[in-house]
Every structure is written in C-alpha cells, then in structure tokens.
Amino acid sequence: KFVEVYGMMAHCREAGKGEPLVLLHDAQSSLHTWTAWSDSLTEHYRVISVDLPGFGLTGPHPRGSYSGFMYVEFLDSLAIKLGINKFHLVGNGLGAQIAWQFAAERPQKVQKLILMNAPGFERKDNSWVTLLAATPVANRIIWRVTPKSLIRILLEEIYADDALVTDSLVKRHFDLLLAPGNRKAFTDRASVRDNRPPVNDLLPKITAPTLIIWGAEDANISPEH
C-alpha cells in the first residue's frame, strides 16, 4: 500500500499479526530485500517494510532532502500514520544507521533494536561511483546513463555469494533505480554532508535492548565498529 508522508507516497508492505516490527533496507535497495525474512517473521509479528525516500516505489524526496535527520522524521511520521506507538526496529546498512539514530532520538518508541552491519563509526571512504555522484555536472551522467552491467557489479560487491546475484535480482534493482527521480536522488544523497549523525552524542541516548549482527564477509564495516 501507499501512505502519504511529507508529500511522498511511501510504498509499504504489511503482513502478519502481533507486536509491530519495522524493517529498514540498505542503500540502493528496497523493501523487496526483506521478502524471505517477512515470510518467517509474519508468523509472530505484524511486519512492516517500507521503501525509504529516494528508493524503490516511494521515489525522491520532494525537496531533495536526504539527511539522517530527515529519515528519522519520515519514520516517525510513517509510524504515526500506521497507528503504531511502539515497535521493534530492524535496519540493514543505511537502514541500520537510520534505525539507531531513530532509537536515540525517539527512545520511547523503540521496543527492541536490531542492527545489521550498521555504519556510523567507520572512516567514510567513498567509492568511485559515490564520488562521481557527488561531483556537480559530472553526476548528471548518472541521471541519463545507467548500464545494467554496473548494477550487477555493485550487487556482486554486496553479496558474499555471487551466485545469489541472479538476472531477476539485477533486473529488479535496475528497474527500481530507473523509476522517476531515483537516479537524481542517488546523486542528491551523495552530496549530503550530514548523513552521519554525531555518534558519540547519540549513542548514550539509546535505551532499547539492542542486537548487533555483523556479516563475516562484510568488506566495508569491520567488527570493531
């Protein structure tokens, strides 16, 4: 279904009954990444997944705003629209960063927090794709030229097992990236300088019991972070 939040029609999926559990996807992804998880979790929870602003069928933020603070406000407003006052919150990658910032700024709303490969402490090293996206004028290339082969390369960097990067997975990511406004949203996000919240200020504010998960094949974020 679609829920109006700050002028965007946020694309959501909801299934199951029980305590609410919200799933936030990683960068360059969508709520579809949680499909297999949802199939199991709906046996015990009311599972809600959402395409974050700038991704999937939700599409771009109307003002091109992609700070961590915007995402916290977005999630808060979405929860209000869905009628959930307190919920379990799960995030992967970018979604995990949004999740722990939300848990710090809205501690009364998070029952339990699950962070999968959460950024925040690591040094910010940008890939050549991100650097291109953040470069004025040059980044307009991404708005118009997006080879499907590039999507496969990026996915193979994310997946430990390249065999999981199927043609259908590549096509889904490719089609959603080409949805109106999503390629410009990618370059707009790359230009944001406050995507990283003040870690040392926010972490002490997190009161929810927290499970931290780290993928052993993760080449970007190491366990000490």
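Residues numbered from 1 in each chain as written. Predicted model: local features only at pLDDT ≥ 70, side-chain atom pairs only at ≥ 80, totals over all residues. Heavy atoms only, no water.

K.L.:
When you look at helix α2 (residues 68-82) in this model, what are you seeing that I'm missing?
P.N.:
It helps to recall that an α-helix has 3.6 residues per turn; residues three or four apart then point in one direction. Here α2 contains 15 residues, and its C-alpha end-to-end distance of 21 Å stays within 8% of the 21 Å for a straight helix at 1.5 Å per residue. Taking burial as the measure, the 15 residues of α2 include 11 buried ones, the bulk of the element. When α2 is considered as a whole, its buried residues turn out to be Gly-68, Met-70, Tyr-71, Val-72, Phe-74, Leu-75, Asp-76, Ser-77, Leu-78, Ala-79 and Leu-82. One or two positions beyond α2, positive phi appears at Gly-83, with a value near 75°. (Helix = DSSP H or I, 4+ residues; strand = E, 2+ residues; numbered from the N terminus. Expected span 1.5 Å × (residues − 1). Buried < 20%, exposed > 50% of the residue type's maximum accessible area, 1.4 Å probe, protein only.)

K.L.:
Looking at this structure, I do not really get the nonpolar core. What am I missing?
P.N.:
The nonpolar side chains of a soluble globular protein tend to be buried with one another. By size, the foremost hydrophobic cluster in this structure holds 40 residues, and its most contacted members are Val-22, Leu-24, Phe-74, Leu-78, Leu-89 and Leu-113. Filtering out sequence-adjacent residues up to four positions away, Leu-89 remains in contact with Val-22, Leu-24, Leu-75, Ala-99, Phe-102, Val-110, Lys-112, Leu-113 and Ile-114. (Core = buried A, V, L, I, M, F, W, Y, C linked by side-chain atoms within 4.5 Å. Contact = heavy atoms within 4.5 Å.)

K.L.:
Help me understand helix α3 (residues 94-105) in this model?
P.N.:
In a regular helix each residue adds 1.5 Å, so 12 residues correspond to 16 Å; α3 covers 17 Å between its end C-alpha atoms and thus fits that length. The set of residues buried in α3 consists of Leu-94, Gly-95, Ala-96, Gln-97, Ile-98, Ala-99, Trp-100, Gln-101, Phe-102, Ala-103 and Ala-104. Looking at the buried residues of α3, the elements they touch are β3 (19-24), α2, β5 (87-92), β6 (110-116) and α9 (199-202).

K.L.:
Would you mind going over the sheet that holds strand β4 (residues 45-50) with me for this structure?
P.N.:
To summarise the sheet geometry, strands pair through backbone hydrogen bonds and adopt either a parallel or an antiparallel arrangement. Read across the sheet, seven strands follow the order β1-β2-β4-β3-β5-β6-β7 without closing on themselves; strand pairing throughout is mixed. Lying at the two open borders of the sheet, with one neighbouring strand each, are β1 (2-5) and β7 (210-213). Ignoring which end each strand starts from, the neighbouring axes of this sheet average 25° apart. Taken together, the four bridges between β6 and β7 define a ladder with parallel strand orientation. Paired with Leu-113 across the bridge in β7 is Thr-210. Most of the contacts of α2 go to β1, to which it runs at about 125°, and overall it touches β1, β2 (8-15), β3, β4 and β5. (Pairing = 2+ DSSP bridges. Axes fitted to C-alpha atoms, helices over the stretch in contact; angles between N-to-C directions.)

All quantities given are derived from atomic positions and should not be read as evidence of function.
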